[in-house]
Amino acid sequence: MELLGLYYYWIFAALLMIGFYAVIAKLNLIKKLIGLSLFQSAVFLLYITMGKVSDGTAPIFQDGLTDQVFSNPLPQVLILTAIVVGISTTALGLGVVVRIEEEYGTIEENEIREIDRQ
Amino acid sequence: MINLETHLPALQVLVPMLLAPLVILLRPRGLAWAATAAVSLMAFAIAVSLTMGVMGGGLYSYEMGSWPAPYGIALQVDAFSVLVLLVITAASSIALLACKSSLDSEIEATRQPLFYAAWLLVVAGLCGIVVAADAFNIFVFMEISSLASYVLVAGGPDRRALPAVFKYLIMGTIGATFYLIGIGLIYMMTGTLNLADMELRIHEVADQRPILVAAGFITIGLALKAAVFPLHVWLPNAYTYAPNAVTVFLAACATKVALYVLMRFDFVVFQQNLVGHEIQFAAFLMPLAVLAILIGSAVAIFEPNLKRLFAYSSVAQIGYILLGASLVSMMGLTAGIIHIFNHALAKGAIFLAVACLATRLTHLNFKHLAGAARQMPWTMGALVLGGLSLIGVPGTAGFISKWYLVMAALERGPLGVFLILVIIAGSLMALVYIWRIVETAYFQAPGAQVNAQISGEAPLPMLVITWLTALSSLYFGLVPSVPLWLSSAAAESLLGHLR
């Protein structure tokens, strides 16, 4: 039962590997980027999971509440930064894909390799 | 009155970072380049004054916003940091000052301000990685520098740079994300992100599985960024199809910074705390280093494109640095760290000479290189000088690192004998591919159709700076006092964490 209680981490591992598989196995460049996004989302889940304290609430001070258990705010801040990094990477990746489409006329990795070989 | 010296670590990062967006506004021709070169030289001046401070016996600790260390963001500059800072800022300045004509021909004038802004962001990001003293800031700066370098690599006219950048982007992001998972797991177990604090707190939780997993993730993530042997596949294409000035800059410093982070993390946080991690570090990375040296040099021997040849040579040289680090001894670490400096000089000179060749040749392969030395003697001279440093001829900087590496290997007994054979084999293979270039350029007659293309030497400013870089490779081979002092101090401080 202990193992099933850790289901957050199983979800993290599953998402990580699904994203990683998509990056490696898919030939379409957009699908690779989607896989990369899934891969990064799994990491965000890991951080948020570890930040949650049992019975903890959102870490915001309120007037009049003295003995309140708060969740850890630091992982949430780290994840905001990591999300921004992920967005920038996806935006840059999509920009590169648009340029590849303009130059090569295709966004399938095997076709691009064929064109470059000639 | 603000005492400027105390703020130098922060200024090292802030000066390029804050001036980068301003460069975008500089539309007049050539102004963006001039501003970028000026900022790069300013960053180099800051690095030099940090060096003088460190050599005078200082260690810069800086707290952003005066928040005390475990709670606030701390910056730290010591001998190892200062060596890498010198490499980054010098490589950037040399590439910018030398390659103005090359950059003007490869990047359209309307896009230049954006390109140079990205260049300054790469400098800011790389310097930030080196001065940061906490793990998450290293991640953020690593991503800043990586994203901006994707822009730089894709900036040239060659369309094959685009699939190369895509592969670089995917692999780089996976590497950074693995690193993020690693520091997340460490934070989960220790509750801190500050490297020095981690070193203390990790004692209690040392043998638990999340820490071991974190060590694995961090090592693999940084190995992806550093192009360690099986994970190096993004490097050859990215270096080959990037604009020539970008290759000069990135080849000299981009992967070395990831190796810097790897060594810092391993020696400061992991080594003393994980049972047997010392063996795991060496046992895991030494074979990869050996394979990098042998296979990288071997592939370079058969490569027809000049830039890709030297890219594979870079993979081999990264193997040398890692070999020194995995020997975990005073000599070994000194060898690895000083090779960061020496290789930057040698590869900088070589890729600058290649950029000079690119101004006159249409293609950079051996067919077009035939007889080039007749028309471009100075360029080929600089290339040969850089090549001698790669081989490790006595008198050049490369010899110093190979010497220390051999001395470190001798301390290891039978394994050491094998490593010495590997090092000698690597040097011999470097000799083969440098000789191929020398033979083609000096001793072959130029083909009929390529003869008309070479019209005299490369532009004078480019040539002067190429020769300055090549001669400094010679100088630091004869008078290695400064890099040697810095490397020994760095090795001592890294090993000091092991006690």
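Quick caveat: nothing in here was measured; it's all calculated off a predicted structure.

Here's the deal with helix α17 (residues 377-391) of chain B
Because each turn of an α-helix spans 3.6 residues, side chains separated by three or four positions end up pointing in the same direction.
Residues and elements named next belong to chain B.
Step number 1: Taking 1.5 Å of rise per residue, 15 residues should cover 21 Å, and α17 covers 21 Å from first to last C-alpha, within 8% of that figure.
Step number 2: Burial within α17 is extensive, with eleven of its 15 residues counted as buried.
Step number 3: Residues of α17 that are buried sit in contact with α13 (306-326), α14 (330-360), α16 (372-375), α18 (397-410), α19 (414-443) and α20 (460-478).
Step number 4: Immediately downstream of α17, the backbone of Gly392 shows phi near 100°, a positive value.

Considerations on the nonpolar core
Residue and element names in this part refer to chain B.
Step number 1: Residues Trp119, Tyr179, Phe249, Met263, Phe265 and Phe310 are the most contacted members of the largest nonpolar core, which totals 221 residues.
Step number 2: Per-element accounting of this core gives the leading share, 21 residues, to helix α11 (residues 244-270).
Step number 3: Aside from chain neighbours lying at most four places away, what touches Phe310 is Lys347, Ile350, Phe351, Val354, Leu383, Leu390, Ile434 and Ile437.

Details of the packing of α17(B) against α19(B)
All names here are of chain B.
Step number 1: Orientation of α17 relative to α19, taken along the N-to-C sense of each, is 170°, at an axis distance of 9 Å. Taken together, the axes of α17 and α19 lie roughly antiparallel to each other. Taken together, the residues of α19 that come into contact with α17 (itself represented by Pro377, Met380, Gly381, Leu383, Val384, Gly387, Leu390 and Ile391) are Ser427, Ala430, Leu431, Tyr433, Ile434, Ile437, Val438, Ala441 and Tyr442.
Step number 2: Of the residues contributing to the contact of α17 with α19, the split by class is 14 nonpolar, three polar and no charged.

A few points about the environment of B:Met263
All names here are of chain B.
Step number 1: Summarising the element assignment, Met263 is placed in helix α11.
Step number 2: With a relative accessible area of 3%, Met263 lands in the buried category.
Step number 3: Apart from residues lying up to four places away in sequence, Met263 is in contact with Phe80, Val268, Ile321, Ala325, Leu333, Ile337, Ile340 and Leu494.

Some thoughts on unusual backbone geometry
Step number 1: In this structure, B:Ser66 takes a positive phi of about 60° despite not being glycine.
Step number 2: The topology assignment puts B:Ser66 in the loop between β1 (60-63) and β2 (74-77).

Focus: the interface of chain A and chain B
Step number 1: The interface is formed by 35 residues belonging to chain A together with 26 residues belonging to chain B.
Step number 2: Buried area between chain A and chain B, summed over both chains or domains, comes out near 2,800 Å², and the portion from carbon and sulfur atoms is 84%.
Step number 3: At the boundary of chain A with chain B, the tally comes to zero salt bridges.
Step number 4: Inspection of the chain A/chain B interface yields five residue pairs in polar contact (both at pLDDT 80 or more).
Step number 5: Secondary structure elements with two or more residues in the side of chain A that touches chain B: α2 (7-25), α3 (29-51), α4 (73-104) and α5 (109-117) of chain A.
Step number 6: Per-element accounting of the side of chain A that touches chain B gives the leading share, 16 residues, to α4(A).
Step number 7: Each residue belonging to the side of chain A that touches chain B can be placed in one class, and the counts come to 25 nonpolar, six polar and four charged.

Conventions adopted
- Residues numbered from 1 in each chain as written.
- Chains lettered and ligands numbered in written order.
- Predicted model: local features only at pLDDT ≥ 70, side-chain atom pairs only at ≥ 80, totals over all residues.
- Heavy atoms only, no water.
- Helix = DSSP H or I, 4+ residues; strand = E, 2+ residues; numbered from the N terminus.
- Expected span 1.5 Å × (residues − 1).
- Buried < 20%, exposed > 50% of the residue type's maximum accessible area, 1.4 Å probe, protein only.
- Contact = heavy atoms within 4.5 Å.
- Core = buried A, V, L, I, M, F, W, Y, C linked by side-chain atoms within 4.5 Å.
- Axes fitted to C-alpha atoms, helices over the stretch in contact; angles between N-to-C directions.
- Parallel < 35°, antiparallel > 145°, perpendicular 65-115°, else oblique.
- Nonpolar A, V, L, I, M, F, W, Y, C, P; charged D, E, K, R; others polar.
- Buried area = accessible area lost by both parts, 1.4 Å probe.
- Salt bridge = Lys/Arg side-chain N within 4 Å of Asp/Glu carboxyl O.
- Polar contact = N/O pair within 3.5 Å; in protein donor to acceptor, adjacent residues only side chain to side chain.

Limitation: the analysis is restricted to geometry and does not speak to function.
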